[in-house]
Amino acid sequence: MLKRYIFLIFTALIITTVKGQDLETVTRFGNILSNWSISSSPDLMQLQELCSNDPSFRAASGFIQNLAQKNNLAITESYDLANFITCLQKEIDAGNSMIISGFSYVPEEYVEFSYPGVVYVSANVKFIGQPDYNRKDLFILKGGKIAKISDYLEYTDSVTGELRIDQDLLELARYAFLEGDYLKCYDYYKNGGLKDIKKRIKENGFATIAEKPAIIPYVESCFALNKWTEAWHGIIDDDMITHRKTWVNGKEWTLDAKDLETWNPDKASLLNYILEKFEDYYYAGNSNLKQKSPIFQHAEKMNSLSRGKSKVIKPESSHPIWEEGMEMINKASENNDGKAYNDGIVFLEAAIKKIGKTPGRCRDLGDLCGSYVLLNGYFIRFDEKRAEKWWKEGAKLGDIYCSLRLYKIYKPESFPGIGAPQKEIKEYYKARDKCWEYAAIALEAEIPENFDDFETLADAASFTGNKRLSDIYKAKAEERASNR
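Residues numbered from 1 in each chain as written. Predicted model: local features only at pLDDT ≥ 70, side-chain atom pairs only at ≥ 80, totals over all residues. Heavy atoms only, no water.

### Notes on the overall build of the protein
Here comes step 1: Each helix and strand counted, the protein has 19 helices and 11 strands in total.
Here comes step 2: Carbon and sulfur atoms form 51% of the exposed surface of the protein, whose accessible area is close to 24300 Å². (Helix = DSSP H or I, 4+ residues; strand = E, 2+ residues; numbered from the N terminus. Areas by Shrake-Rupley, 256 points an atom, 1.4 Å probe, with all protein chains shown as cover.)

Below is the structure:
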């Protein structure tokens, strides 16, 4: 009995110590920011050490939203540490100040959904400037590091009458997804995460570019759990990933749940287009997760290429020599023969010299080079450099699709921020200039009748500072979405 009591006391001491460390982490974070206005500069290295890298730190409270709007940042649900620090630096330089105090743990009974290693701490955040801010914020810690800062909101449970904090279930789903716990990720979405997405869409009137990635972990979890109908709804509802009917390669395709389950080879173009959306998600900062992606693994299992086509559609400007090369690609794709696939690419590159470049041929050749092929048991992109080369050739000929592909490749995430190495800053401006170049080409290009990516076109217009065109293309995107 005595041993049991000693064990319980020892366990309680460990838990108390760990919890004390979490509170100390938030207190140190708050003190650094509070002292910033009276010191020459904050200890950025220490600040970074207090924040989580995996999952990445996000700031989403009303405070950062106010600063983001004031500093003309793109409107999104949350911001990274670099954006948070950059905005705050401008305010401190302007003579404004902030005080973070009153650190305390959120009572366990306030937390309805628990997650291993996740702790909630509240603190009062007071900002003296324009606009003034004086509220309680919620600090979410994962593994002893600050993973997210959001608004602290309480409500009374209508069933139990108990006081609760408004938990961000999409954040908990993000943690589960990062750790490969797809069942728990799925449950968080079903218990409120999907409702949160719907609420944001209702507030905005449509699903914005910034919100669409939020559905990816849910769809991936549905694939992992073989929930095909729910995955299908995740893809098409509110046009989160694509529409029920989508134009791809000059043809309208209709997506059904059965197509996802069987990875229908007759709709390879449509399915590969959908995989492009997932590729964009992983390319934008989640590349380490792609190797265990359920949707990519499912595509491989069903013996289909992702962006590469098991049945490649002929380009609009066809030619017998070109058709011969495309047939080589078709057979190589069906047989998962990487060498034969390369032979087909080489044949088409030689053919284009004989029969001439057209926007469509350059685009198709770039797409084929950028396709995923199964080589030595791995699903890899065939040749990204060659893909970019041919997209650039297509862009020179004024092709809007090639230009937008390059725009998305080169678009930088955000300015590196204060104290970043000079090399990173130079790389940012280099990428920005390339992004502007291809955005300009896309905005000047002729828009095909079946063109359906007005969201990216609006983003390109916004990036180049053309608000008029951005508003026009946003309106077109909303109109297309409402007509489906």
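### Section: the packing of aromatic side chains
Here comes step 1: Throughout the structure, instances matching the rule amount to 22 aromatic pairs.
Here comes step 2: An aromatic cluster is built from Phe29, Phe57, Phe63, Phe84, Phe127, Tyr133 and Phe139, whose rings are joined through pairwise contacts.
Here comes step 3: Stacked on the ring of Tyr152, the Lys or Arg Lys136 has its end atom at 4.8 Å from the ring centre.
Here comes step 4: A cation over an aromatic ring shows up here: Arg361 above the ring of Trp322, its NZ or CZ 6.0 Å from the ring centre. (Phe/Tyr/Trp six-rings, centres within 6.5 Å; stacked < 30°, edge-to-face > 60°. Lys NZ or Arg CZ within 6 Å of the ring centre and 35° of its normal.)

### Overview of the packing of helix 14 (residues 359-369) against helix 15 (residues 384-396)
Here comes step 1: Closest axis-to-axis distance for the helix 14/helix 15 pair is 7 Å, and the angle between their directions is 165°. As the angle between them shows, helix 14 and helix 15 are arranged roughly antiparallel. The chirality of how helix 14 crosses helix 15 is left-handed. Along its contact with helix 14, which presents Cys362, Arg363, Leu365, Gly366, Asp367 and Cys369, the element helix 15 presents Glu384, Arg386, Ala387, Trp390, Trp391, Glu393 and Gly394.
Here comes step 2: When grouped by side-chain class, the residues that make up the contact of helix 14 with helix 15 number 6 nonpolar, 2 polar and 5 charged. (Axes fitted to C-alpha atoms, helices over the stretch in contact; angles between N-to-C directions. Parallel < 35°, antiparallel > 145°, perpendicular 65-115°, else oblique. Left-handed = near helix turned anticlockwise from the far one by under 90°. Contact = heavy atoms within 4.5 Å. Nonpolar A, V, L, I, M, F, W, Y, C, P; charged D, E, K, R; others polar.)

### Things to note about empty space enclosed by the protein
Here comes step 1: Enumeration over the complete set of coordinates arrives at 3 cavities of 30 Å³ or more.
Here comes step 2: Looking at the largest cavity, its volume works out to about 60 Å³.
Here comes step 3: Lining the largest cavity are Phe29, Leu33, Ser61, Phe63, Phe84, Met98, Ile100, Val125, Asp137, Phe139 and Ile149.
Here comes step 4: Counting only elements with at least two residues in the lining of the largest cavity, the list comes to helix 1 (2-36), strand 2 (97-105) and strand 4 (133-142). (1 Å grid on protein atoms, 1.4 Å probe; cavity = no way out; pocket = protein on both sides within 12 Å on 5 of 7 lines; lining within 4 Å. Points joined across faces, edges and corners; volume = space filled by probe spheres on them.)

### Remarks on the packing of helix 3 (residues 62-70) against helix 4 (residues 81-93)
Here comes step 1: Where helix 3 contacts helix 4, the axes come no closer than 10 Å and their chain directions differ by 70°. Here helix 3 is positioned roughly perpendicular relative to helix 4, judged by the angle of their axes. Counted together, Phe63, Ile64, Leu67, Ala68 and Lys70 of helix 3 and Phe84, Cys87, Leu88 and Glu91 of helix 4 form the full contact between these two elements.
Here comes step 2: A class-by-class count of the residues in the contact of helix 3 with helix 4 yields 7 nonpolar, no polar and 2 charged.

### Topic: the confidence of the model for the protein
Here comes step 1: For the protein, the average pLDDT comes to 82, and 85% of its residues sit at 70 or higher.
Here comes step 2: Mean pLDDT values for the elements of the protein range from 64 in strand 11 (residues 378-381) up to 95 in strand 5 (residues 145-151).
Here comes step 3: The low-confidence segment residues 304-317 (pLDDT under 50) makes 56 contacts with residues lying over four places distant or belonging to another chain. (pLDDT = per-residue confidence, 0-100.)

### Topic: the pairing of strand 5
Here comes step 1: Buried residues dominate strand 5, accounting for 5 of its 7 residues.
Here comes step 2: Sheet topology places strand 1 (residues 58-59) next to strand 5; 2 bridges connect them, and they run parallel. Each bridged residue has a counterpart across the sheet, and for Ala59 the counterpart in strand 5 is Ile149.
Here comes step 3: Pairing analysis gives 6 bridges linking strand 4 to strand 5, with the strands arranged antiparallel. Paired with Ile140 across the bridge in strand 5 is Lys148.
Here comes step 4: Between the end of strand 4 and the start of strand 5, which pair antiparallel, lie 2 residues, with Gly143 showing a positive phi angle near 65°. (Buried < 20%, exposed > 50% of the residue type's maximum accessible area, 1.4 Å probe, protein only. Pairing = 2+ DSSP bridges.)

### Things to note about unusual backbone geometry
Here comes step 1: Following Asp54, the chain continues into Pro55 via a peptide bond in cis, with omega recorded as 10°.
Here comes step 2: One non-glycine residue with positive phi stands out, namely Asn226, at about 60°.
Here comes step 3: Its place among the elements puts Asn226 in the loop between helix 7 (216-224) and helix 8 (228-236).

### A few points about helix 7
Here comes step 1: Buried residues dominate helix 7, accounting for 8 of its 9 residues.
Here comes step 2: Burial in helix 7 covers these residues: Ile216, Pro217, Tyr218, Val219, Glu220, Ser221, Cys222 and Phe223.

### Points about the sheet that holds strand 1
Here comes step 1: With mixed pairing, 5 strands are arranged side by side in an open sheet as 1-5-4-3-2. The outermost strands of the open sheet, each flanked by one partner alone, are strand 1 and strand 2.
Here comes step 2: In terms of strand pairing, strand 2 meets strand 3 (residues 118-128) through 7 bridges, oriented antiparallel. In the sheet register, Ile100 faces strand 3, and the bridge partner there is Val125.
Here comes step 3: The strands touched by helix 3 within the sheet are strand 1, strand 2, strand 3, strand 4 and strand 5, with strand 4 carrying the most contacts at an inclination of about 110°.

### A few points about the pattern of salt bridges
Here comes step 1: Counted according to the given criterion, the structure contains 24 salt bridges.
Here comes step 2: In this structure, the salt-bridge partner of Lys70 is Glu91, at a minimum N-O distance of 2.9 Å. Residue Lys70 is located in helix 3, and its partner Glu91 is located in helix 4; the two are separated by 21 residues in the primary sequence.
Here comes step 3: The class for Lys70 is partly exposed, based on a relative accessible area of 38%.
Here comes step 4: What makes Glu91 buried here is its relative accessible area of 3%.
Here comes step 5: It is possible to trace a salt-bridge network through shared partners that takes in Glu77, Lys148, Asp168, Glu171 and Arg174. (Salt bridge = Lys/Arg side-chain N within 4 Å of Asp/Glu carboxyl O.)

### Focus: the nonpolar core
Here comes step 1: Tyr120, Val219, Leu255, Leu260 and Phe278 are the most contacted members of the largest nonpolar core, which has 57 residues in total.
Here comes step 2: In terms of residue count, the dominant contributor to this core is helix 5 (residues 169-178) (8 residues).
Here comes step 3: Look past the residues within four positions of Leu255 in its chain and what remains in contact with it is Trp232, Ile235, Ile236, Arg244, Leu260, Leu270, Leu271 and Ile274.
Here comes step 4: Listed in part, the 40 residues of the second largest apolar core include Leu348, Ala351, Phe382 and Tyr473. (Core = buried A, V, L, I, M, F, W, Y, C linked by side-chain atoms within 4.5 Å.)

### A few points about the side chain of Asp367
Here comes step 1: On the secondary structure map, Asp367 appears in helix 14.
Here comes step 2: A distance of 2.9 Å separates a polar atom in the side chain of Asp367 from a polar atom in the side chain of Trp391. (Polar contact = N/O pair within 3.5 Å; in protein donor to acceptor, adjacent residues only side chain to side chain.)

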